[in-house]
Every structure is written in structure tokens, then in C-alpha cells.
Amino acid sequence: MDTIDLLLTRRSVVAKDMGEPGPDDATLEKILGAGIRVPDHGKLGPWRIQVLRKAGQKALGEVLAKIYAAENPGAEERLVEAERQRPQRAPILLAVTARIDPHHPKIPAMEQQLSGGALCQNILVAAHASGFVAQWLTEWPAFHPEVRKALGHAPETEIIGFIYIGTPTTPPNERPRPTLEQVVSEWTGPAE
């Protein structure tokens, strides 16, 4: 598949619809290598990637279940179990974080954040190019300080999201997308 066709066919697949196999170590290394080849004004490298295989996913699931149960004392056990299973939906889970310097003298915070977004997009495309599917999610764990702490991050570190990678268990469906006419315009100068 050429690069344009690859980009035109990439789509997210819901994490619950992923199964084995996931990428082997060599393929995952290539996916991550492609991920970090992003625009990065000032070469700050404000982002980090943590790989969670089954043991890490299970440990994170226990953290999520504990937090959810503590914050929802009347929750049914099935809901607590759903939180326990949340990070275990695909063979590989990546936790992508960024430590943004909002006071950097030259690099705006938005550029640092967008570099992290580009990293996530590169990972999604590289997973697709490698024959896998992926989904980039945040959900509540990305915004919870106890999750950030459990993953070993300082309070000022942001979780950009979690990327699930695996093989689709059912054929993915295409979703409606905007037309070019809806989102593209040509600018020729200020209106008079």
C-alpha cells in the first residue's frame, strides 16, 4: 500500500474489538520509532511513552478499580470490574505523557502539546502500516491525579492519552467523515 492509500484507509478500531496478536517487540520498536519522528520545535522532546503489556495492564486495572470503588462507594461490582478491565482491552497499551513547559521563553505550550498529538497520530499510522489497529483514548484515567501518580509521573505531567494496539476481532466499519468542501477553503487575501 502506498503512503497516501495508507493514510486514506487508517481508522481507529474500538479497543474492546481488539485481540491477539499484538505487535512483537521488533514491530513495536518500529511503531514507537515512527512515533517519535514528529515536529518538535526546540527539540524539547516533552513527551514520553510507557509500554504496558499484560502485567502492566493488570496492575493499572487494579489501580483504576480501587480509585473507582473509592470514589463510587455504592457502585455495583460489575462497574468496578469494568474499570479493572479497562486497560486490558488490547494486547498492547501505551500511556503517552507530556511535561509541558508553559513558561518556555521561545516554544509556546500549544506547540509542545501539538508535538505530543503528532506523536500519537504517528503511532496510529505506524500501527496501521504494520498490519494492526489502534485507538487513542483519554477517558477519565487520563485526567485523574492518582492514575498519573501510580504511573510514576509528577503532578505537572499530563497524560495525553492511552493508545491501544492489537488485531481487530471484527472487520472495522468506516465512519462518516466530513467532505473536503466542508472543511477546506482557499484564502486569497483579506476581504475588502
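Notes on the structure in this doc start here. Quick caveat: nothing in here was measured; it's all calculated off a predicted structure.

Comments concerning empty space enclosed by the protein
Okay, so step 1: A full pass over the atoms with the stated rule returns one cavity of 30 Å³ or more.
Okay, so step 2: Empty space within the largest cavity amounts to approximately 50 Å³.
Okay, so step 3: Surrounding the largest cavity, Leu60, Leu64, Arg86, Pro87, Leu93, Thr138, Glu139, Pro141, Phe162 and Tyr164 form its lining.
Okay, so step 4: Of all elements in the fold, only α3 (54-71) and β5 (158-168) reach the threshold of two or more residues within the lining of the largest cavity.
Okay, so step 5: The residue makeup of the lining of the largest cavity, split by class, is seven nonpolar, one polar and two charged.

A look at the environment of Thr9
Okay, so step 1: Among the structural elements, Thr9 can be located in helix α1 (residues 3-9).
Okay, so step 2: Under the relative-accessibility criterion, Thr9 is labelled partly exposed at 38%.
Okay, so step 3: As for Thr9 and His128, which are separated by 119 residues in sequence, their C-alpha atoms are 8.7 Å apart.
Okay, so step 4: Not counting the four nearest positions on each side in its chain, Thr9 is found in contact with Met1 and His128.
Okay, so step 5: At 2.9 Å, the side chain of Thr9 and the backbone oxygen of Asp5 are in polar contact.
Okay, so step 6: Among the polar contacts made by the side chain of Thr9, one reaches the main-chain carbonyl oxygen of Leu6 at a distance of 3.2 Å.

Let's talk about the environment of Ile36
Okay, so step 1: Tracing the backbone through its elements, the reader meets Ile36 in the loop between α2 (25-35) and β2 (47-52).
Okay, so step 2: It is 9.2 Å that separates the C-alpha atoms of Ile36 and Ser115, two residues lying 79 residues apart in sequence.
Okay, so step 3: The contacts of Ile36, once residues within four sequence positions are left out, are Trp47, Ile49 and Leu119.

Focus: the pattern of salt bridges
Okay, so step 1: Using the criterion set out here, one finds 11 salt bridges in the structure.
Okay, so step 2: For Lys16, the salt bridge goes to Asp17, with nearest N and O atoms at 3.3 Å.
Okay, so step 3: Taking relative accessible area as the criterion, Lys16 reaches 60% and is therefore assigned exposed.
Okay, so step 4: Arg86 serves as the salt-bridge partner of Glu139, at 2.9 Å between the closest nitrogen and oxygen. Of this pair, Glu139 sits in the loop between β4 (133-137) and α6 (145-150) while Arg86 sits in the loop between α4 (77-85) and β3 (92-98); the two residues are 53 residues apart in sequence, bridging distant segments of the chain.
Okay, so step 5: Overall, Glu139 belongs to the partly exposed group, its relative accessible area being 26%.
Okay, so step 6: Here the salt bridges do not stand alone but share partners, grouping Glu62, Glu77, Glu81 and Arg84 into one network.

Points about the nonpolar core
Okay, so step 1: In terms of nonpolar packing, the biggest core is built from 21 residues, with Leu94, Val96, Leu119, Ile123, Ile163 and Ile165 touching the most fellow members.
Okay, so step 2: Element by element, the count of residues in this core is highest for helix α5 (residues 109-129), at six residues.
Okay, so step 3: If we ignore the near neighbours within four places in the chain, the residues touching Ile123 are Ile31, Leu32, Gly35, Ile49, Leu94, Ile163 and Ile165.
Okay, so step 4: Formed by 18 residues, the second largest nonpolar core is a distinct cluster that contains Met18, Val133, Ala142 and Val147.

Points about the side chain of Thr97
Okay, so step 1: Here Thr97 lies in strand β3.
Okay, so step 2: Using a relative accessible area of 2% as the deciding quantity, one classes Thr97 as buried.
Okay, so step 3: Setting aside residues no more than four positions away along its own chain, Thr97 makes contact with Pro46, Trp47, Arg48, His153, Thr157, Glu158, Ile159 and Ile160.

Considerations on α4
Okay, so step 1: When we look at burial in α4, the residues that qualify are Val80, Glu83 and Arg84. In an axial view of α4, the angular spread of the buried residues amounts to 105°, which keeps them on one side of the axis.
Okay, so step 2: For α4, the elements touching its buried residues are α3.

Parameters and conventions
Residues numbered from 1 in each chain as written. Predicted model: local features only at pLDDT ≥ 70, side-chain atom pairs only at ≥ 80, totals over all residues. Heavy atoms only, no water. 1 Å grid on protein atoms, 1.4 Å probe; cavity = no way out; pocket = protein on both sides within 12 Å on 5 of 7 lines; lining within 4 Å. Points joined across faces, edges and corners; volume = space filled by probe spheres on them. Helix = DSSP H or I, 4+ residues; strand = E, 2+ residues; numbered from the N terminus. Nonpolar A, V, L, I, M, F, W, Y, C, P; charged D, E, K, R; others polar. Buried < 20%, exposed > 50% of the residue type's maximum accessible area, 1.4 Å probe, protein only. Contact = heavy atoms within 4.5 Å. Polar contact = N/O pair within 3.5 Å; in protein donor to acceptor, adjacent residues only side chain to side chain. Salt bridge = Lys/Arg side-chain N within 4 Å of Asp/Glu carboxyl O. Core = buried A, V, L, I, M, F, W, Y, C linked by side-chain atoms within 4.5 Å. Arc of directions from axis to C-beta.

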